[in-house]
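# Examination of the molecular architecture
As a plain string of letters, each chain reads:
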Amino acid sequence: DSFTDDQREMLDIIDQGGRRLHALITDLLDLSRLESGRVGIEREETELGPALTEAAQNVRHKNPKCTLTIDIDPALPKVMPDGDKLKQVFENLVGNALKYSPDGGEVRARLAMEGAAVRFTVTDQGIGIAPEHMSQLFEKFFRVDSSTTAKIEGTGLGLTIVKHIVELHGGEVTVESALGKGSTFGFRIPLVAPAT
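Basis of the calculations
- Residues numbered from 1 in each chain as written.
- Predicted model: local features only at pLDDT ≥ 70, side-chain atom pairs only at ≥ 80, totals over all residues.
- Heavy atoms only, no water.
- Axes fitted to C-alpha atoms, helices over the stretch in contact; angles between N-to-C directions.
- Helix = DSSP H or I, 4+ residues; strand = E, 2+ residues; numbered from the N terminus.
- Left-handed = near helix turned anticlockwise from the far one by under 90°.
- Contact = heavy atoms within 4.5 Å.
- Nonpolar A, V, L, I, M, F, W, Y, C, P; charged D, E, K, R; others polar.
- Core = buried A, V, L, I, M, F, W, Y, C linked by side-chain atoms within 4.5 Å.
- Buried < 20%, exposed > 50% of the residue type's maximum accessible area, 1.4 Å probe, protein only.
- Parallel < 35°, antiparallel > 145°, perpendicular 65-115°, else oblique.

Across the interface, helix H3 (residues 83-99) lies against helix H4 (residues 158-168) with an axial gap of 10 Å and an inter-helix angle of 145°. Here H3 runs over H4; the crossing is left-handed. Seen from H3, the contacting residues are Lys85, Leu86, Gln88, Val89, Asn92, Leu93 and Asn96; seen from H4, they are Gly158, Leu159, Ile161, Val162, Ile165 and Val166. The residue makeup of the contact of H3 with H4, split by class, is 8 nonpolar, 4 polar and 1 charged.

Structure (structure tokens):
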């Protein structure tokens with residue numbers, strides 16, 4: 001290896017910048033497709049439990065300090081969502097719960113039946129969200145601006161994408177939070193597909 005320490009540090013900075021740019025472009029393309037109305041739901045019989053487990057494993061690296069617990073209702077039936085899109089929602093919400101828990105604690109993801117719907121929640125013990133920011137959470141590029149969040153990477157598009165995907169499934173997103181105590185994000189989608 002013929003690189004100096006300074007050169008290696010510069011290469012790391014370039015690599016991180018490239019990754020951030022790639023994430024932003026990917027999110028922008030996803031959101032553009034969703035907003036255009038050209039993206040439909042490709043429904044397939046899906047077991048959401050394994051989809052959640054795989055999604056959680058994909059984002060686990062975002063914060064090894066957290067204990068990640070996954071609670072899946074064994075009575076959960078196979079459902080007909082777009083499995084890939086819901087996996088993207090799981091990755092986004094579980095990944096956020098891990099990222100916004102810089103001091104660790106428990107992140108608990110739960111998937112269960114709620115009447116004729118599937119209910120997903122992910123609860124963290126992280127930094128929480130101030131009441132004045134709650135109404136803006138699902139807006140494009142919105143990120144809470146504080147010294148605590150400055151080092152947390154993100155494009156500001158993830159929650160907007162989550163909302164679009166859940167609503168395409170005829171569902172709704174939910175959020176509860178207390179500043180300094182943590183947050184619970186989730187969604188509820190009906191088992192019966194909405195008419196298109």
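Before going further, it helps to examine the nonpolar core. Counting 35 residues, the largest nonpolar core has Phe90, Leu93, Val94, Phe120, Val122 and Phe187 as its most contacted members. Among the secondary structure elements, those contributing two or more residues to this core are helix H2 (48-59), H3, strand E2 (105-114), strand E3 (117-123), H4 and strand E5 (182-190). Of the residues forming this core, the biggest block, 7 residues, is contributed by H3.

So, about the packing of H2 against H3. Following both chains from N to C, one finds H2 and H3 inclined at 45°, their axes separated by 8 Å at the closest point. With respect to each other, H2 and H3 are oriented oblique. Here H2 runs over H3; the crossing is right-handed. In this structure, H2 uses Leu48, Ala51, Leu52, Glu54, Ala55, Ala56, Asn58 and Val59 to contact H3, whose residues at the interface are Leu86, Lys87, Phe90, Glu91, Val94, Gly95 and Leu98. Considered class by class, the residues forming the contact of H2 with H3 number 10 nonpolar, 2 polar and 3 charged.

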